[in-house]
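# An overview of the molecular structure
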Amino acid sequence: MLAVPLVPIQIILPWVIAKYTAGPKPLNVMLKAMPFRLLMGIVFMYIVNWTPSMKLESGEFPNSYYIVILLCYAFHQVTLYCMFVSIMAFHSKISDPLIGGTYITLLNTVANLGGNWPATVALWLIDFLTFRSCHGADAGYDCDTKEEKEVCLKAGGVCSIDLDGYYVESVICIIIGFIWYRLMAKKTRQLQYLDDSQWRLSVSTV
């Protein structure tokens, strides 16, 4: 529901960003946006932790909460689209015209695949990175598996989350992101300086 007000922004953003990615160095936009997108991970961790305290006695949330969520999501969308449009512009720049849209379709497919499957894996890993323990029972019980949870409940305890896997995974991903940026930013920039012939197919192989 909160995404609806951002639809106009999502339509306008690619058009605005395209002005800065139309030159010979489109990946510069991606590299400038990436640190801000990584830092948004810290902002979202704070929002997740802050959300329960904003809940009113009626079970609803104040309008100020939704405004904060909307602004943070809008800024994240800006960084996301900067990176997306930048990569698409680079693919368009280096695509071999001899094979039409086949080349750019292949590049975009690989890029989309690389950006989508980690999200599924990340959601799957959260449960494994979450640390739970049994509270209220006479003896110490674990709550890592379904069977252990049932034992805890039968003993009169309650399984509580000691450390949410979302925070663990977010910190790990942010650290990996900045390490990648530190090691690969220069090499990524250098890709833009390669001659177009380096990306072209040899006539003899077509």
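Below or above, wherever it landed, is the structure these notes cover. Worth saying up front: this structure is predicted, and the values here are computed from it rather than measured.

### Points about the overall build of the protein chain
- Assigned secondary structure in the protein chain consists of six helices and two strands.
- In sequence order, the secondary structure elements of the protein chain are arranged as α-α-α-α-β-α-β-α.
- Compactness check: the protein chain gives a C-alpha radius of gyration of 23 Å against a globular reference of 17 Å for 206 residues, more than 25% above the reference.
- Looking at the 206 residues of the protein chain, the share that counts as buried comes to 29%.
- Taking all contacts inside the protein chain whose residues are at least 6 apart in sequence as the whole, residues at least 24 apart take part in 71%.
- Of the roughly 13,800 Å² of accessible surface on the protein chain, a fraction of 67% belongs to carbon and sulfur atoms.

### Thoughts on the nonpolar core
- By size, the foremost hydrophobic cluster in this structure holds 18 residues, and its most contacted members are Ile17, Met30, Cys82, Met83, Phe90 and Trp199.
- Contributions of two or more residues to this core are made by α1 (7–21), α2 (27–54) and α3 (63–94).
- A total of seven residues in this core trace back to one element, the largest contributor, which is α2.
- Not counting residues up to four positions away in its chain, the partners in contact with Met83 are Met30, Ala33, Met34 and Arg37.

### Considering the state of the cysteines
- Throughout the structure, instances matching the rule amount to two disulfides.
- Across the disulfide from Cys143 sits Cys159; the S-S distance is 2.1 Å. For the disulfide bridge between Cys143 and Cys159, the dihedral angle about the S-S bond is near -80°, and by the sign convention the bridge is left-handed. On the criterion of sequence distance, the pair formed by Cys143 in the loop between β1 (131–135) and α5 (146–154) and Cys159 in strand β2 (residues 158–163) is long-range, its members being 16 residues apart.
- Given a relative accessible area of 25%, Cys159 falls into the partly exposed group.
- The connectivity of the disulfide-linked cysteines in the protein chain, indexed sequentially, is 1-3, 2-4.
- Left without a disulfide partner, Cys72 is nearest to the cysteine sulfur of Cys82, which lies 17 Å away.
- The exposure class assigned to Cys82 is buried, which follows from its relative accessible area of 15%.

Reading the values: the criteria
Within any chain, residue numbers begin from 1 and follow the written order of that chain's sequence. Owing to the predicted nature of the model, reporting of local features is limited to residues with pLDDT of at least 70; listing and counting of side-chain atom pairs is limited to 80 or more, with chain, interface and lining totals taken over all residues. To obtain the side-chain values, all non-hydrogen atoms of the structure were used and water was disregarded. Numbering goes from the N terminus for both helices and strands, where a helix is a DSSP run of H or I of at least four residues and a strand is a run of E of at least two. C-alpha atoms define the radius of gyration in this analysis, and the globule rule sets the expected value at 2.2 Å times the number of residues to the power 0.38. Exposure classes here rest on a 1.4 Å probe applied to the protein chains alone. A residue is buried below 20% of its type maximum, exposed above 50%, and partly exposed in between. Here, two residues are considered to be in contact whenever any of their heavy atoms come within 4.5 Å of each other. For the accessible areas, the method is Shrake-Rupley and the probe is 1.4 Å, while residue cover comes only from the protein chains on display. The nonpolar core is taken to be a set of buried Ala, Val, Leu, Ile, Met, Phe, Trp, Tyr and Cys residues, with the residues joined through side-chain atoms within 4.5 Å. Note that a disulfide, as used here, is simply two cysteine sulfur atoms within 2.5 Å.

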